[in-house]
Amino acid sequence: MGDSQIIQISNLVKDYAMGKQFFRALHDVNLSINTGEFCGLVGPSGSGKTTLLNIIGALDNPTGGDIIIMNNSIKDLKNKQAAKLRNESIGFIFQTYNLLPVYTVFENVEFPLLLLKKSKKEREEAVMRALEWVGLSDKVNSRPNQLSGGESQRVAVARAMVKLPRIVLADEPTANLDAANSHNILQTMLKLNLELKTTFIFATHDEKVIRYLRRKVALSDGNVINDIIMN
Ligand SMILES: Nc1ncnc2c1ncn2[C@@H]1O[C@H](COP(=O)(O)OP(=O)(O)OP(=O)(O)O)[C@@H](O)[C@H]1O
Ligand SMILES: [Mg+2]
């Protein structure tokens, strides 16, 4: 595996159990992603984008094949090691936000930094910087049930980026955002991508995101049907 390859997916298959049957959500996916790519999994609803992103994020196991993330083969990782890899190196923006309802906006964004045992001062600075990126500095003390859908989505974006991870996996991060907020967030992401070589992988069918992508991996019924790299 070359130095610049951060993710290597080979012959990946994912079956979901459906009672005694199973549903094959991914068929023999092969894909290599280099450090610093700004790329997206694109395709219609049900094509397998979230399934593939969850496996890349070590949140779910493949049925067959393998995925190597930063030189770690997912097949060989114990749950604890997978959690360590996620905490240290991967920021995840979930399609459904997954904010913790009893915590404030500040505390939700701070959470990944607590896992990394950062000092109080470091946490405060990083959280306020991330909230500024997404335009929510005035909502630090709000709780998720006091936020609009778009504001919740922006908190999820801040939480994924607060620790400056090597990889950000973003599942439909703009589905509930207007054009201005989408543009701001994409600009912030591009800045991290350029300055820190953060690798971004989106799952999206939103044109507001797609036009920023430098590589589009098209999925259809669990197969990669096209892979277009922009120059
Ligand atoms: N837990 C599950 N059990 C059974 N089938 C599932 C499960 N999760 C997803 N699927 C099926 O796998 C396929 C791919 O789902 P996935 O969520 O990856 O699609 P997607 O491309 O992210 O779609 P969307 O754009 O709607 O988010 C779908 O047909 C879906 O019904
Ligand atoms: Mg999805």
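Structure first, text after, so check above.
Conventions and cut-offs
- Residues numbered from 1 in each chain as written.
- Chains lettered and ligands numbered in written order.
- Predicted model: local features only at pLDDT ≥ 70, side-chain atom pairs only at ≥ 80, totals over all residues.
- Heavy atoms only, no water.
- Donors = N, O, S within 2.8 Å, 3.2 Å for Na, K, Ca; no water.
- Helix = DSSP H or I, 4+ residues; strand = E, 2+ residues; numbered from the N terminus.
- Near = heavy atom within 4 Å.
- Polar contact = N/O pair within 3.5 Å; in protein donor to acceptor, adjacent residues only side chain to side chain.
- Areas by Shrake-Rupley, 256 points an atom, 1.4 Å probe, with all protein chains shown as cover.
- Contact = heavy atoms within 4.5 Å.
- Pairing = 2+ DSSP bridges.
- Axes fitted to C-alpha atoms, helices over the stretch in contact; angles between N-to-C directions.
- Salt bridge = Lys/Arg side-chain N within 4 Å of Asp/Glu carboxyl O.
- Buried < 20%, exposed > 50% of the residue type's maximum accessible area, 1.4 Å probe, protein only.
- Core = buried A, V, L, I, M, F, W, Y, C linked by side-chain atoms within 4.5 Å.
- Patch = residues over 30% accessible without salt bridge, like charges linked within 9 Å, V, L, I, M, F, W, Y side chains within 5 Å.

Participant: How do you make sense of the coordination of the magnesium ion (ligand 2) when you look at a structure like this?
Facilitator: For a metal with four donors in a tetrahedral arrangement, the ideal angle between donors is 109.5 degrees, while six donors in an octahedron ideally sit at 90 or 180 degrees. Those protein atoms acting as donors to the magnesium ion (ligand 2) are T50 (OG1) and Q95 (OE1), and they sit at 2.0 to 2.5 Å. Of this pair, T50 sits in helix α1 (residues 49–56) while Q95 sits in the loop between β6 (90–93) and α3 (105–115); the two residues are 45 residues apart in sequence, bridging distant segments of the chain.

Participant: Got a minute to help me understand the site of ligand 1 in this structure?
Facilitator: In the vicinity of ligand 1 lie 14 residues, with S45, G46, K49, T50 and T51 positioned nearest. In this structure, an oxygen atom belonging to ligand 1 sits 2.5 Å away from a side-chain N or O atom of S45. In this structure, an oxygen atom belonging to ligand 1 sits 3.0 Å away from a main-chain N or O atom of G48. For ligand 1, the accessible surface in isolation is 640 Å², of which the surrounding protein chains cover 67%. Among the secondary structure elements, those contributing two or more residues to the shell around ligand 1 are β1 (5–18), β2 (21–34) and α1. Top contributing element to the shell around ligand 1 by residue count: α1, with 3 residues.

Participant: I tried to follow the environment of L192 on my own but got confused; where do I start?
Facilitator: Looking at the secondary structure, you find L192 in helix α6 (residues 179–196). Sequence-wise, L192 and G36 are 156 residues apart; in three dimensions their C-alpha atoms are separated by 9.6 Å. In this structure L192 touches W133, M161, L164, K197, T198 and F200, once residues within four positions along its chain are discounted.

Participant: I tried to follow the pairing of strand β4 (residues 64–69) on my own but got confused; where do I start?
Facilitator: In regular strands, side chains alternate between the two faces of the sheet. Across 5 bridges, the pairing between β1 and β4 is antiparallel. Its bridge partner lying in β4, I9 is registered against I67. Across 2 bridges, β4 lies against strand β5 (residues 72–73) in antiparallel orientation. Bridge pairing links I68 to S73 in β5. Connecting β4 to the antiparallel partner β5 that follows it, the hairpin turn spans 2 residues, and M70 within it adopts a positive phi of roughly 45 degrees.

Participant: Quick question: what am I supposed to make of the sheet that holds β5 here?
Facilitator: Strand pairs in the sheet, formed through backbone hydrogen bonds, run parallel or antiparallel to each other. Spatially, β2-β1-β4-β5 is the arrangement adopted by the 4 strands of the open sheet, whose pairing is antiparallel. Every other strand in the sheet has two partners, leaving β2 and β5 as the edge strands with one partner each. Most of the contacts of α1 go to β1, to which it runs at about 120 degrees, and overall it touches β1, β2 and β4.

Participant: Sorry, what's going on with the pattern of salt bridges here?
Facilitator: Side-chain pairs of opposite charge can arise where the charged atoms are in close proximity. Taken as a whole, this structure holds 10 salt bridges when the rule is applied. Residue E37 is joined to R215 by a salt bridge in which the shortest nitrogen-to-oxygen separation is 2.9 Å. Highlighted residues: E37 in the loop between β2 and β3 (38–42) and R215 in strand β9 (residues 215–220), separated in sequence by 178 residues. For R215, a relative accessible area of 6% gives the class buried. Between E88 and K84 there is a salt bridge, with the nearest N and O atoms lying 3.3 Å from each other. Here K84 and E88 lie together in helix α2 (residues 79–89), a separation of 4 residues that amounts to about one turn. Look at E88 and you get partly exposed, because its relative accessible area is 42%. Through salt bridges with shared partners, a single ionic network connects E37, R215 and D227.

Participant: Before we go on, may I ask you to explain the nonpolar core in this structure?
Facilitator: Across soluble globular proteins, you tend to see nonpolar side chains buried next to one another. Ranked by internal contacts, the top residues of the largest apolar core, which has 39 residues, are F38, I93, V109, L131, M189, F200 and F202. Elements supplying a minimum of two residues to this core: β3, α3, α4 (120–133), α5 (149–161), β7 (167–171), α6, β8 (199–204) and α7 (207–210). If you tally residues by element for this core, the top one is α5, at 6 residues. One finds L53, A82, I167 and V217 within the second-largest nonpolar core, a separate group that totals 29 residues.

Participant: What am I meant to see in a nonpolar patch on the surface here?
Facilitator: The grouping of L100, V102, Y103, F111, L114 and L115 at the surface amounts to a nonpolar patch, some 520 Å² of accessible area in total. Looking at where F111 falls in the secondary structure, it is placed in helix α3.

All quantities given are derived from atomic positions and should not be read as evidence of function.
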